[in-house]
Amino acid sequence: MELRKDYFADVRKDGLHEIGQPRPRLDSPGHVTGKTAYFADRNFPGMLHLKMVRSPHHHARIRSIDASEAEKHPGVVRVLTAKDVPHNVYTILILIQIGPEDETVLADGKVRWKGEAVVAVLAETERAAQEAAAKVKVDYEVLPAVFDMEEALKPGAPLVNEYHGQNYYLYDSGECRKVRFGDVEAGFAQADHILEQSYQSSPIEHAPTETTGCVVAPEGNDRFTCYTNTQAMFFTLDNTSIILQMPGSKLHFVGGTVGGGFGGKVDVIVEPIAILGAKLTGRPVCFIYSREEEMQISSPRAAEKVVIKDGVMKDGRIVARKVTGYTDAGAYSRHSPYGAQKGAAHYPGPYTIPNVWIDTYCVYTNRTPSSAMRGFGVTIGDFALEVQMDKLARLIGMDPLEFRFINAYRDGDMKAHRQPTEGAALIECMQEASRAANWPVAEKYMAMSSYRKGV
Amino acid sequence: MAKVPVQFTLNGSEKAEFVESGTTLLNALRDKIGDTSPKGGCHQGTCGACSVIIDGELRLSCLTLAETCGGADIRTTAGLAEGGVLHPLQRAFLDAFATQCGFCTPGMIMAAKVLLDRTPNPSREDVVEALSGNICRCTGYEPIIQAVLLAARANSQNAA
Amino acid sequence: MSLALQTYSSVKDANAALQAAGARYIGGGTLVVRAANEGDISVSSLVRVTDPGLSRIAVSGGKVRLGASVTMAAIARHPELAALAPAARAVGGPAIRNMATVGGNLFAPSPYGDFAVALLALDATIVTEEGELPIETFLAGRDTSRAIVTAVEVALPEAESFRFLKVSRVKPKGVSVLSIAALLRRREDGTVTAARIALGCMADRPIRALAAEKALLGCKLTVQEIAPALMTSSEGIAPITDPIASAWYRAEVLPVHLGRLLLV
């Protein structure tokens, strides 16, 4: 590893003791000896296996559920339906006042995506749970479904989620998150060229090697210990406390060791129902996603659509940027209202543009609910922005890296969100990238600085 | 449910257990015998996290039935370190930063061990091929490949 | 019902046990244990045979007889089976190859079954207790066949005449986008006099590219002369769609990869 200390040398105290030094990872000795304890490495006598009966339809009304055959199946200890869950309708971001509660732990009257949890079966063995799950009879009335964000936003589209009342998340700012800076139409009027392009992405699954799951053990003192691979320990504890209407002091969560997460293990899905199962049976319970469930049921990164319209001058300055972003939440909110909001906070990218207009929508469809994944709300936006930057450079016949130097934000520039830029380092990153990639740019760009005026 | 006896050697110790017929070796090792170093990542034979060595051959314990292993010599990553001293592969995985979440690590080390037992001085291609049935979602593989090559070099220096 | 393993020392006894509902034969376990693990509750008993004869490889007179329990690893390392080794090595990673058997590969649904693609091009004979079948007939009826496969017999091709290609998106080893095996007889001047081409992933099981085989006759393996064969290679195919590739994609790239294989 090479540390380039010449950048920012005059503004940095060079007292680095740890950065640049190799240090052993604290968790590695456990990993290489097989001693690291993941949640599934806990095994308790008499542990029950939880298997979920899932919706085979994208959108349907549930007329009736008949679990009587499943309950009689050998090895079955308990079958759970919506009525067993104390506070069945929840939303995870309610902890930070982002409502409404819009998702069911177990489906109640309706399913909104293919794979939605309907009935939980607890049995002595995995096989008995699977066999019993196959005996649960659910009578569905299939409803029209919508899978495309633009279709979902049209009048007359099937309503995905009644708790919202429309197929988009209603922010305090209205149907979308909005940023308004300068006068974008005046900017377009002034521009030498206008380029409007549309970018879109499909959902992406994290595919961690360890699937989502938890093991719950009832303790003697009426508490429940939950061994989990959640990436959001206290978030999960607090939401479980709400869903089960159980004080947090009754819940002991043990975790922090995650066999790959990448943001895919921040939803509160397996813990509440497994703890409920342990409570109602008095037995330890494990609920571990199969590989198929991990790929099909766990939240992916949201599909996104980003429409960017730019006004650019022949000399390389971008004078107006209008971005409309759509985030496909799937059937439920989970983290997506926040993801769409992050998009609004991230556009127009690390560039100083005098006229900016941003709208970002969080849209509901009958697809698998999406949620967090590494830089969600931003990653797809960056893909769109940087492809757009290359297209703009080509349009005006300019080197794409030099084009970025011209527009890069620097300390003191006013951002579209009305925050003055501080601590920018894009110029220096691009200078180093220019050297490392052997992609030379004009000397004046190599002399620029993010923080020194006049250069 | 019908229980069947299984008896084999695990990392040099005799083990005997009763398991339900049809139990996989992975579940027998983890739930009955208490060796949780093989991991269940897919139960489909795709991820390699459950890799163990049976009679000198790399196998997937998630697709092997415990009752077919009678009398076998089974090796897992939990048994690699001797007297508290790490095996050169374990040392190399530490030194080369070849672990992140660690879930694939025991399987990777098993796959690498079979390679080095037969090919003490492998080429990079040999290493890539040997690890080709093991999935790592964190590291991008390069540090793992480097760790195996590092362990091979350490072995040959010790032998010299 | 839980899963139960039944072990027999003879194929005959196992054949009888296999007639029971919910019974499936287990070779290396890479298909059937996987299905059980994934929750396929239609499997309630697994039947295996310990007869060591099933794991025997016998080479004589330019032919090989592979016992049904012979693993991909055993084929890949056998000194006299170099012609089959690339196809055997194309299956799975090292652990899978130590487990996956010749017999199992004959039943593997697409996108698996790359070795069976090679066997189809080589016009293998499938041996069961009830008799012998050409592989093409066997593959067509494999869904309803209840007789345990005991061996596969195949004439070993000369090195130059047999070509095999598996295309994956993950390197070095991944699930098939497609696989192709071609057995070509050529005159000294390079003209093709006989061709047998098998395709993997172009249906739910290995199939022959009959039109392309015919179009290759009388051709030399040049870009111009093989063009008609490539054009017809997608005749009669119905590729699978799975997470690896869509049917459309598989159909689009088939002529490209067949061309590369023929022009090697």
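About the thresholds
Residues numbered from 1 in each chain as written. Chains lettered and ligands numbered in written order. Predicted model: local features only at pLDDT ≥ 70, side-chain atom pairs only at ≥ 80, totals over all residues. Domains from an automatic or database assignment. Contact = placed C-beta atoms within 7 Å. Nonpolar A, V, L, I, M, F, W, Y, C, P; charged D, E, K, R; others polar. Helix = DSSP H or I, 4+ residues; strand = E, 2+ residues; numbered from the N terminus. Buried ≥ 20, exposed ≤ 12 C-beta atoms within 10 Å, placed from the backbone. Pairing = 2+ DSSP bridges. Right-handed = clockwise from strand over helix to strand, strands pointing away. Axes fitted to C-alpha atoms, helices over the stretch in contact; angles between N-to-C directions. Parallel < 35°, antiparallel > 145°, perpendicular 65-115°, else oblique. Left-handed = near helix turned anticlockwise from the far one by under 90°.

Colleague: Is there a simple way to explain the domain arrangement of chain A in this structure?
Modeller: Residues and elements named next belong to chain A. With domains assigned, chain A is organised as domain 1 (48–143 + 207–296) and domain 2 (177–204 + 300–446). Taking only C-alpha atoms into account, the centre of domain 1 sits 38 Å from that of domain 2. In this complex, domain 1 contributes 16 residues to the contact, which on the side of domain 2 involves 17 residues. For the side of domain 1 that touches domain 2, the residue count by class is 6 nonpolar, 6 polar and 4 charged.

Colleague: Explain unusual backbone geometry here, please?
Modeller: For residues besides glycine, phi is generally negative; the peptide bonds are generally trans as well. Between Tyr347 of chain A and Pro348 of chain A the backbone carries a cis peptide bond, its omega angle lying at 10 degrees. Inspection of the secondary structure puts Pro348 of chain A in the loop between α9 (336–346) and β17 (356–364). You will see that Asp55 of chain B, though not glycine, has its phi angle at about 50 degrees, which is positive. With respect to the secondary-structure elements, Asp55 of chain B resides in the loop between β3 (51–54) and β4 (57–60). A positive phi is found at Cys201 of chain C, a non-glycine position, where the angle reads about 75 degrees. Examined against the element boundaries, Cys201 of chain C turns out to sit in the loop between β11 (192–200) and β12 (207–208).

Colleague: Help me out: how do you make sense of the interface of chain C and chain B in this one?
Modeller: Accessible area lost when the parts come together is the quantity often used to give the size of an interface. Across the contact, 20 residues belong to chain C and 27 residues belong to chain B. Elements represented by at least two residues in the side of chain C that touches chain B include exactly β1 (4–8), α2 (32–37) and α5 (94–99) of chain C. Per-element tally for the side of chain C that touches chain B: the top contributor is α5 of chain C, with 5 residues. Looking at the side of chain C that touches chain B, its residues break down into 10 nonpolar, 7 polar and 3 charged.

Colleague: Would you explain the pairing of strand β13 (residues 251–254) of chain A in this entry?
Modeller: On any regular strand, side chains alternate: one points to one face of the sheet, the next to the other face. Residues and elements named next belong to chain A. By the alternation rule, side chains of β13 split into Leu251 and Phe253, which are all buried, and His252 and Val254, of which none is buried. Two strands pair when backbone bridges link them, and strand β12 (residues 224–228) and β13 are joined in this way by 4 bridges, in the parallel orientation. Considered in β13, the bridge of Cys226 is made with Phe253. You can see the chain leave β12, run along helix α6 (residues 233–243) and come back into β13, and the turn it takes is right-handed.

Colleague: Explain the environment of Thr144 of chain C here, please?
Modeller: Mapped onto the secondary structure, Thr144 of chain C falls in the loop between α8 (135–140) and β8 (149–155). On a C-alpha basis, the gap between Thr144 of chain C and Ile57 of chain C in space is 27 Å, while along the polypeptide they are 87 residues apart.

Colleague: When you look at the domain arrangement of chain C in this model, what are you seeing that I'm missing?
Modeller: Residues and elements named next belong to chain C. Partitioning chain C into domains gives domain 1 (4–49), domain 2 (52–155) and domain 3 (159–262). Computed over C-alpha atoms, the centres of domain 2 and domain 3 are 20 Å apart. The partner domain 3 presents 25 residues to the 18 residues of domain 2 that form the contact. Broken down by secondary-structure element, the contributors of at least two residues to the side of domain 2 that touches domain 3 are α4 (85–89) and α7 (114–121). The biggest single contributor to the side of domain 2 that touches domain 3 is α7, with 6 residues.

Colleague: So what exactly am I meant to see when it comes to the sheet that holds β12 of chain C here?
Modeller: Backbone-to-backbone hydrogen bonds join strands into a sheet, with any given pair of strands oriented parallel or antiparallel. Residue and element names in this part refer to chain C. If you walk across this open sheet you meet the 4 strands as β9-β10-β11-β12, and the pairing is antiparallel. Each of the sheet's edge strands pairs with one partner strand only, and the pair in question is β9 (162–168) and β12. The pairing of β9 with strand β10 (residues 176–186) spans 7 bridges and is classified as antiparallel. Each residue of the ladder has a partner; that of Ser168, found in β10, is Ser176. Contacts from α7 reach β9, β10, β11 and β12 within the one sheet, and its direction differs from that of β10 by about 20 degrees. Each of β9 and β10 is contacted by helix α11 (residues 247–262), which is oriented at about 40 degrees to β10, the strand it contacts most.

Colleague: I would appreciate a short explanation of the sheet that holds strand β8 (residues 137–142) of chain A in the present structure.
Modeller: All names here are of chain A. Pairing is antiparallel across the open sheet formed by 3 strands, whose spatial order is β6-β2-β8. Edge positions in the open sheet fall to β6 (110–111) and β8, since each of these has one partner strand only. Here strand β2 (residues 60–66) runs beside β8; their pairing, made up of 6 bridges, is antiparallel. Bridge assignment links Ile65 to a residue of β8, and that residue is Val138.

Colleague: Just checking my understanding: could you explain the packing of α6 of chain A against helix α7 (residues 270–281) of chain A for this structure?
Modeller: Helix-helix packing is characterised by the crossing angle of the two axes and by the distance between the axes. Residue and element names in this part refer to chain A. The interhelical angle for the contact between α6 and α7, taken along N-to-C directions, is 50 degrees, at an axis separation of 9 Å. By the angle between their axes, α6 is oblique relative to α7. Handedness of the α6/α7 crossing: right-handed. Residues Thr236, Thr240 and Ile243 of α6 pack against Glu271, Pro272 and Ile275 of α7. Residues of the contact of α6 with α7, tallied by class, amount to 3 nonpolar, 2 polar and 1 charged.

Colleague: Teacher, can you tell me more about the environment of Thr222 of chain C here?
Modeller: When you line up the elements, Thr222 of chain C lands in the loop between α9 (210–216) and α10 (223–232). Between the C-alpha atom of Thr222 of chain C and that of Leu262 of chain C, which follows or precedes it by 40 residues, the distance is 8.4 Å.

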